[in-house]
Each structure stands twice: as structure tokens, then as C-alpha cells.
Amino acid sequence: MISEKGYRAVQITKRTVKAIEAKLKENEIVHEPIDYTPFLFNSIGHTILTDNCTIEVYKNEITVNEKPVSDVYEMIDMVTQVAGK
């Protein structure tokens, strides 16, 4: 059974991943399909691959190509710069 603290961490990560996915689609950035099944098994870390970047999420911490960013908006700025859009 997952603890309440663990469940909250999973939900934070899942919300962050969904926000990132929405921003990627909004900016027409191609990325691998996101499988939400692992979130059922206590996943608090997730990786999203685009053509030019690796986006990693741990709870509400986001890194792009191993560089920390403060939020989803900074993340999309970095991804679009790398993609040349």
C-alpha cells in the first residue's frame, strides 16, 4: 500500500507532467507518447523525450537536458530555443 505522502508526491509529478505535455502540444513540439500507467505504481520521477531535449520531472522539479528550470514556462522557453522555433 502506498503512503499518503508517497501518493501526494506521485500526484504532484503527474500534474507537472500533464502541464508539460499541454505546453509541448501548444507549441507543436513533438515528443514521445506519455504513458501514465507508471503513476499507478508509485512513480515520482518521469522522463519525456523530444527530438532535441530530455525533460525530467521529479515531483515538481523540472530539468531540461540536465539543467534545472524553475517552472513549465521556463522549460518551454528552453525547449523551443533548442528546437530553433
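Cut-off values and rules
Residues numbered from 1 in each chain as written. Predicted model: local features only at pLDDT ≥ 70, side-chain atom pairs only at ≥ 80, totals over all residues. Heavy atoms only, no water. Helix = DSSP H or I, 4+ residues; strand = E, 2+ residues; numbered from the N terminus. Expected span 1.5 Å × (residues − 1). Contact = heavy atoms within 4.5 Å. Polar contact = N/O pair within 3.5 Å; in protein donor to acceptor, adjacent residues only side chain to side chain. Pairing = 2+ DSSP bridges. Axes fitted to C-alpha atoms, helices over the stretch in contact; angles between N-to-C directions.

S.K.: Describe helix H2 (residues 72-83), listing the residues and the values that go with them.
M.R.: Between its terminal C-alpha atoms H2 stretches 16 Å, which fits the 16 Å expected from 12 residues at 1.5 Å a residue. For H2, the elements touching its buried residues are helix H1 (4-26), strand E2 (54-58), strand E3 (61-64) and strand E4 (67-69). Where H2 begins, one side-chain oxygen reaches toward the backbone nitrogen of Tyr73, 3.2 Å away; that side chain belongs to Asp71. Immediately beyond the C-terminal end of H2, within one or two residues, lies Gly84, with a positive phi of roughly 75 degrees.

S.K.: Pulling in residues and values, what's your account of the sheet that holds E4?
M.R.: Pairing is antiparallel in the open sheet, where four strands are placed in the order E1-E2-E3-E4. Here the strands that pair on one side only, and so sit at the sheet edges, are strand E1 (45-49) and E4. Going across the sheet, the axis of each strand differs from the next one's by a mean of 25 degrees, ignoring polarity. Where H1 meets the sheet, its contacts fall on E1, E2 and E3, and the angle it forms with E2 comes to roughly 155 degrees.

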